[in-house]
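Understanding the architecture of this molecule
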Amino acid sequence: MKVQVCIIGGGPSGLLLSQLLHLKGIDTVVLEKQSREYVLGRIRAGVLEHGFAALMREAQCGERMDREGEIHEGFFIAHGGGMSRVDLHKYSGGNSVVVYGQTELTRDLYEARDRMNGKVLHNVEGVTLHDLKSDAPYVTYRDGDRIERIDCDYVIGADGFHGVSRKSIPKDVLREYERVYPFGWLGVLSRTRPVSPELIYSKHERGFALCSLRSQVLSRYYIQVPLTDTVDDWSDEAFWAELKRRLPEDVAGRMITGPSIEKSIAPLRSFVAEPMRYGQLFLAGDAAHIVPPTGARGLNSAASDIYYLYHAMLGHYQNGDDTGLEGYSQKALARVWKAQRFSWWMTTMLHKFPDNLAYEDKLQSTELEYLLSSEAAMGSLAENYVGLPF
Ligand code: RFL
Ligand code: PHB
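This report concerns the structure included in the present document. Note that the structure is a prediction, hence the values are computed from the model and not measured.

Looking now at the site of ligand 1. Lining the immediate surroundings of ligand 1 are 32 residues, of which Glu-32, Arg-42, Gln-102, Asp-286 and Leu-299 lie closest. Gly-46 has a polar backbone atom sitting 3.2 Å from an oxygen atom of ligand 1. Gly-298 places a main-chain nitrogen or oxygen 3.3 Å from an oxygen atom of ligand 1. For ligand 1, whose accessible area on its own is 1,000 Å², the fraction buried by protein is 88%. Listed by contribution, the elements that provide at least two residues to the shell around ligand 1 are α1 (12-23) and α9 (298-319). For the shell around ligand 1, the class distribution of residues is 14 nonpolar, eleven polar and seven charged.

Now the structure itself:
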């Protein structure tokens, strides 16, 4: 097979780029290791910044998101038994976020690719990248006993944190920056009415908690847990009891509980790989960077990579102008690091750090008090949460 752009990974990053390029007549193929059902079974992000929503519309995939997604103009921070509202709309100059699940968004992207006869291959094994430094790179994968080969102009590594693309860059070229946090998030999805129409981020002595949602009949809740915990350690009853303990009394009192329909633990990690380009390979999304979910930035950082790559590819194929491709890594990383900073800051401010000095705990509480008392600090939080400009 010969295509212009070979995309590794059929998560939101890979599918969105494939869809955008297809609409401009640029030929792509997406190679995905898992089945479609598996990809759609992963419960992940829920909050989309407005720039991402605009990109979904540009990809002709925004219809259901606009119909079923919820516009959120603020969220709450619970602390010391009370709650403060962060008015995103007011402090970001009229912006908001869209609450729409990554699962639904990925489903919309797959359906759009199907409608346009896009090439998305599932269950591919042994994906290997070749000759990335030449102007004739190619990708091979196993299909049963056969080795298939795809020749292309460019390879996009959109295969997530555990993918093969980043690992194809020589170790002496790649620089990795990482911070692993000493806790994870236990998440529960439940077919219950959300306790609050807007998200609640809770800072509590027992650990962080988050009340999120997918719709007015589907709730998504998280609690901070030690890395040593497993899902089996947490019955539904134990989860609900602990969640309630970490929320203000009135919120806990109106919490509707029910059976979990998904329960998983995600470790928290900050990670950036530089550069995001090696020869004809371009990394995008979780393949190049990970944030702890506290700032709701992960998927949104992937979206800005895709935005830059999409425009860089258009420059190349439509105008013979490679400045976008040349500048991709630097431009993408500048925004990636801002999302890293924001996610680290939110995580540090709201979680319980078991090894903190009493002094550090005091500073942490002061950080939150300062935030809630300062219009300038609120403005900074809001502009980052709704998404910095691409
Ligand atoms: P993905 O979604 O991991 O997709 C990569 C795809 O590549 C496939 N793959 C391969 N394919 C072929 N060959 C190989 N060798 C391959 N290896 C892997 C994988 O099967 C997969 O399908 O990366 P992508 O597309 O870059 O998307 C990134 C987002 O998924 C991620 O950043 C977000 O989910 C992070 N995140 C959140 N982001 C937000 O912006 N807002 C949120 O509210 C938010 N909440 C979250 C989150 C992530 C979470 N977890 C579980 C990590 C909440 C949680 C709990
Ligand atoms: C979610 O709904 O999964 C979610 C929302 C906000 C976050 C993280 C996760 O900051």
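Anyway, onward from the coordinates.
So, about the packing of helix α3 (residues 50-58) against α9. Contact pair α3 / α9: the axes reach a minimum separation of 9 Å and the direction vectors enclose 50 degrees. One way to sum up the angle between α3 and α9 is to call them oblique. Of the two possible hands of crossing, α3 and α9 adopt the one that is left-handed. Contact residues: Phe-52, Leu-55 and Glu-58 in α3; Leu-299, Asn-300, Ala-303, Ile-306, Tyr-307 and Tyr-310 in α9.

Taken together, 14 residues sit near ligand 2, with Tyr-201, Ser-212, Arg-214, Tyr-222 and Pro-293 positioned nearest. Note that an oxygen atom of ligand 2 is positioned 2.8 Å from one of the side-chain N or O atoms of Tyr-201. At 2.6 Å from an oxygen atom of ligand 2 is found a side-chain nitrogen or oxygen belonging to Ser-212. Summarising the interface, the protein chains cover 97% of the accessible area of ligand 2, which totals 280 Å² for the free molecule. The biggest single contributor to the shell around ligand 2 is strand β15 (residues 209-215), with three residues.

This part is about the nonpolar core. Judged by nonpolar contacts, the single largest core of 71 residues is most densely connected at Cys-6, Leu-16, Leu-31 and Ile-156. Examining the composition of this core, we find that nine residues originate from one element, α9, more than from any other. Apart from the residues within four sequence positions on either side, Leu-31 is in contact with Cys-6, Ile-7, Ile-8, Gly-9, Gly-10, Leu-121, Val-124, Val-127, Val-139, Tyr-141 and Ile-150. Residues Phe-75, Leu-88, Ala-382 and Tyr-385 belong to the second largest nonpolar core, which totals 33 residues.

Tallying each qualifying case throughout the model produces 18 aromatic pairs. Their ring planes at 85 degrees and their centres at 6.3 Å tell us that Tyr-154 and Tyr-317 sit as a pair that is edge-to-face. Here Tyr-154, found in strand β12 (residues 154-157), pairs with Tyr-317, found in helix α9; they are 163 residues apart in sequence, far enough to count as distant. Classification of Tyr-154 as buried rests on a relative accessible area of 5%. A relative accessible area of 23% means that Tyr-317 is categorised as partly exposed. For the ring pair Phe-282 and Tyr-328, a centre distance of 5.7 Å and an interplane angle of 70 degrees mean the geometry is edge-to-face. Here the residue Phe-282 occupies a position in strand β19 (residues 281-283), and Tyr-328 occupies one in helix α10 (residues 323-350), the gap between them amounting to 46 residues. Three or more aromatic residues joined by ring pairs make a cluster, and in this case those are Phe-75, Trp-185, Tyr-201, Phe-208, Tyr-222 and Tyr-385. Over the face of the ring belonging to Tyr-138 we find Arg-149, whose NZ or CZ atom lies 3.6 Å from the ring centre. It is Arg-297 that lies over the ring of Tyr-385; its NZ or CZ is 5.8 Å from the centre.

Rules of the game
Sequence order as written defines residue numbering, which begins from 1 separately in each chain. Just so you know, chain letters begin at A and ligand numbers begin at 1, following the order they were written in. Owing to the predicted nature of the model, reporting of local features is limited to residues with pLDDT of at least 70; listing and counting of side-chain atom pairs is limited to 80 or more, with chain, interface and lining totals taken over all residues. The basis for the side-chain values is all heavy atoms of the structure; hydrogens and waters are excluded. Definition of nearness: a residue and a molecule or strand are near each other if at least one heavy atom of the residue lies within 4 Å of the molecule or strand. Any pair of nitrogen or oxygen atoms within 3.5 Å is treated as a polar contact; in protein, a donor-acceptor pairing is required on top of that, and neighbouring residues in sequence qualify only through side-chain atoms on both sides. All accessible areas in this document rest on Shrake-Rupley with a 1.4 Å probe, and a residue is counted as covered only by the protein chains that are shown. Helix numbering and strand numbering both begin at the N terminus, where a helix is a DSSP run of H or I of at least 4 residues and a strand a DSSP run of E of at least 2. Charged residues are taken to be Asp, Glu, Lys and Arg, nonpolar residues to be Ala, Val, Leu, Ile, Met, Phe, Trp, Tyr, Cys and Pro, and polar residues to be all remaining types, Gly included. To get an axis, fit a line to the C-alpha atoms, keeping to the stretch in contact for a helix; angles then go from 0 to 180 degrees between the N-to-C directions. Each angle gets one of four labels, with under 35 degrees taken as roughly parallel, over 145 as roughly antiparallel, 65 to 115 as roughly perpendicular, and the rest as oblique. For any pair of crossing helices, the crossing counts as left-handed if the nearer helix is rotated counterclockwise from the farther one by less than a right angle, and right-handed if it is rotated clockwise. We call two residues in contact when some of their heavy atoms are within 4.5 Å. Here, nonpolar core refers to any group of buried Ala, Val, Leu, Ile, Met, Phe, Trp, Tyr and Cys residues whose side-chain atoms link them within 4.5 Å. Here's how the labels work: a residue is buried when its accessible area is under 20% of the maximum for its type, exposed when over 50%, partly exposed in between, all with a 1.4 Å probe on protein chains only. Between 30 and 60 degrees the pair is tilted, below 30 it is stacked and above 60 it is edge-to-face, where a pair is any two Phe, Tyr or Trp rings, Trp via its six-membered ring, whose centres lie within 6.5 Å. The criterion is that NZ of a Lys, or CZ of an Arg, lies within 6 Å of the ring centre and within 35 degrees of the ring normal, and then a charge sits over that ring.

Without other data, these values stay purely geometric and don't point to any function.
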